[in-house]
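Results of the structural survey
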Amino acid sequence: MEDKLSEVVLFGSWYSPYTSRVKLALKLKGIPFKYVEENLSNKSELLLKYNPIHKKVPVLLHNGMPICESLIILEYIDEVWNHAPKLLPEDPYQRSRVRFWANYTDQKIMPASYPLLLLKGEKKQKAIEDMEEMQRVLEEGIKQDFPEQFSFFNGKTIGLLDIFMGVNCYNYKAFHEVTNSEIIGPKNPKIFMWVNALKEHPLMKDTLPPHDKVVAMLKTMIAPTPDV
Amino acid sequence: MADLKLHGFWYSPYTMRVVWTLKLKGISYENIEEDRYNKSPQLLEYNPVHKKTPVLVHGGKPICESMVIVEYIDELWPQNPLLPHDPYQRAQAKFWIAYAEQMVPVKTAMIFSTNAEEKEKAVEKTWEHFKILEDHCLADKREFFGGEKINIVDIAIGSLFAFLVTIEDLKQVKILVAEKFPRLHLWFDNFKNVPIIKENFPDREKMLATMKYILQRRLASS
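Rules behind the numbers
Residues numbered from 1 in each chain as written. Chains lettered and ligands numbered in written order. Predicted model: local features only at pLDDT ≥ 70, side-chain atom pairs only at ≥ 80, totals over all residues. Heavy atoms only, no water. Helix = DSSP H or I, 4+ residues; strand = E, 2+ residues; numbered from the N terminus. Expected span 1.5 Å × (residues − 1). Buried < 20%, exposed > 50% of the residue type's maximum accessible area, 1.4 Å probe, protein only. Polar contact = N/O pair within 3.5 Å; in protein donor to acceptor, adjacent residues only side chain to side chain. UniProt positions renumbered as here; feature names shortened; annotations may be inferred. Contact = heavy atoms within 4.5 Å. Buried area = accessible area lost by both parts, 1.4 Å probe. Salt bridge = Lys/Arg side-chain N within 4 Å of Asp/Glu carboxyl O. Nonpolar A, V, L, I, M, F, W, Y, C, P; charged D, E, K, R; others polar. Pairing = 2+ DSSP bridges. Axes fitted to C-alpha atoms, helices over the stretch in contact; angles between N-to-C directions. Phe/Tyr/Trp six-rings, centres within 6.5 Å; stacked < 30°, edge-to-face > 60°. Lys NZ or Arg CZ within 6 Å of the ring centre and 35° of its normal.

**Remarks on helix α4 (residues 87-101) of chain B**
All names here are of chain B. Between its first and last C-alpha, α4 extends 21 Å over 15 residues, near the 21 Å set by a 1.5 Å rise per residue. Every buried residue of α4 is accounted for by Tyr88, Arg90, Ala91, Ala93, Lys94, Phe95, Trp96, Ile97, Tyr99 and Ala100. At the N-terminal boundary of α4, the capping side chain belongs to Asp86, with an oxygen 3.2 Å from the backbone nitrogen of Tyr88.

See below:
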């Protein structure tokens, strides 16, 4: 039987939401790990060795073997350290819905977020509207798939979708400030309640970067040209 | 018998994945062929977010997204398991499935390429992906991505390659070149000859005719 207490190393970046997902999962499960902060403009040889195909963070190293891609890493963690709290529900149908919404987040919401920062004028407005529509879809979907959700999707403890949502939306105020928008708000009451509950969760507060640091980071990503 | 319905397009690699999975496990289901130009109200109700196929409906509950469906089936019907048991191997399998998805936009670019240069570029990009599969997954000369038996990775990549044949026919270009990618080429031959896959492999001429039609309609409406 493998020794589950063998060294666990996480290669990541403090402002990468994908890295934060893995940090949260490891902490939630009480798994001790060594964290290696990567400079993404000067990636370490180890990172390139462990993720030669994509050369990206996060990479989880367990027993010297690398696992890449945050969703895959989270499922791996849940399988290897299969004690409570579980990241994914036990019921196969519920699991399929969690995976569906995880994919929706990664395929639709995440790719739209960064470009929004860079757009100006009408294109920016359109991007904001598209993002708001995605939040609406998420809101409707969650109401339908998880109608009895209490604070968090697993009930009292956080699970995979809470991690995804928490990481993305914890600093929604920073995003709003920098883009001059209001994407997360009372118009999506279920999401708004969920996000605010996540913001208060000690694990989120403990792990995710603070507002000011995120604002500063987002501002450096924006091109310094005035609105047209 | 389980109450299973599959809404799909026979020519879509994503539907193929689910069909192959069900057949490999000997699971009966009702096949509902959807018309992409006139999707059924049931489909739109079952997948309101993406409005796409495939959708598997089990006891009235919809499961969407081909690989989510395949995993769901594998969890509920464990005979002929498609996912490895070992968590690390499972993570590796999922990595390669996700990697294969990266080939899809390139294929789309190839289908819609309007000149030789664009086509060439798309082929080159595809070859980069093929090289990675050849060197990283098949280096140990295994018969299938799953080893001695096909697994979820074979199904995911096999479905995309089935479609690749049609692209080759459509654009009159050889992409899976045996001399360049001997292991990948051999793998695909082996895969197509697995009895259940062979019995359920799309008809080449029908595929070409269907894609020509879809392309024509698409270009006409743009």
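**Remarks on the UniProt feature "domain: GST N-terminal" (unreviewed entry) in chain A**
In the numbering adopted here, UniProt assigns the feature "domain: GST N-terminal" (unreviewed entry) to residues 6-85 of chain A. Annotated as 36% helix and 21% strand, the span residues 6-85 of chain A places its first and last C-alpha atoms 20 Å apart.

**Observations regarding the interface of chain B and chain A**
Every contact between the two is made by 26 residues of chain B and, on the other side, 26 residues of chain A. Here chain B packs against chain A, burying approximately 2300 Å² in sum over the two surfaces, 68% of which is carbon and sulfur. The three residues of chain B that bury the most area against chain A are Val49, Tyr88 and Phe95 of chain B, which together make up 26% of that side's buried surface. Scanning the region where chain B abuts chain A turns up 5 salt bridges. In this structure, Arg90 of chain B engages Glu79 of chain A in a salt bridge whose closest nitrogen and oxygen atoms are separated by 3.1 Å. Run the count over chain B and chain A and you get 8 residue pairs in polar contact (both at pLDDT 80 or more). When residues of the side of chain B that touches chain A are traced back to their parent elements, those giving at least two are β4 (61-64), α3 (66-76), α4 and α6 (116-137) of chain B. The element that contributes the greatest number of residues to the side of chain B that touches chain A is α4 of chain B, accounting for 10 residues. Within the side of chain B that touches chain A, the residues separate by chemical class into 15 nonpolar, 5 polar and 6 charged.

**Focus: the sheet that holds strand β3 (residues 59-62) of chain A**
Residues and elements named next belong to chain A. Reading across the sheet, the 4 strands line up as β2-β1-β3-β4 and stay open at both edges, with mixed pairing between neighbours. Looking along the sheet, the strands with just one partner apiece sit at the ends: β2 (34-37) and β4 (65-68). Taking each pair of neighbouring strands and ignoring which way they run, the sheet shows an average axis angle of 20°. Where β3 and β4 come together, 4 bridges link them in antiparallel fashion. Note that in β4 the partner of Leu61 across the bridge is Pro66. Where helix α1 (residues 17-28) meets the sheet, it contacts β1 (8-12), β2 and β3, and its direction lies at approximately 155° from that of β1.

**Observations regarding the packing of aromatic side chains**
For the structure shown, the criterion picks out 23 aromatic pairs over all chains. With a centroid separation of 5.0 Å and an interplanar angle of 90°, the aromatic rings of Phe100 of chain A and Trp101 of chain A are classed as edge-to-face. For Phe100 of chain A, a relative accessible area of 1% corresponds to the buried category. On the accessibility criterion, Trp101 of chain A (2% relative accessible area) is buried. Between Phe130 of chain B and Phe181 of chain B the ring centres are 5.4 Å apart and the planes differ by 85°, which places this aromatic pair in the edge-to-face class. One end of the pair, Phe130 of chain B, is in helix α6; the other, Phe181 of chain B, is in the loop between α7 (152-171) and α8 (182-192), and 51 residues separate them in sequence. Among the aromatic residues, those joined into a cluster by ring pairs are Trp20, Phe130, Phe145, Phe161, Phe181, Trp187, Phe188, Phe191 and Phe201 of chain B. Its guanidinium or amino end placed over the ring of Tyr35 of chain A, Lys23 of chain A lies 4.4 Å from that ring's centre, counting from NZ or CZ.

**Quick word on the UniProt feature "domain: GST N-terminal" (unreviewed entry) in chain B**
UniProt marks residues 2-81 of chain B with the feature "domain: GST N-terminal" (unreviewed entry), using the numbering shown here. As annotated, residues 2-81 of chain B has a helix share of 36% and a strand share of 21%, and its two end C-alpha atoms lie 18 Å apart.

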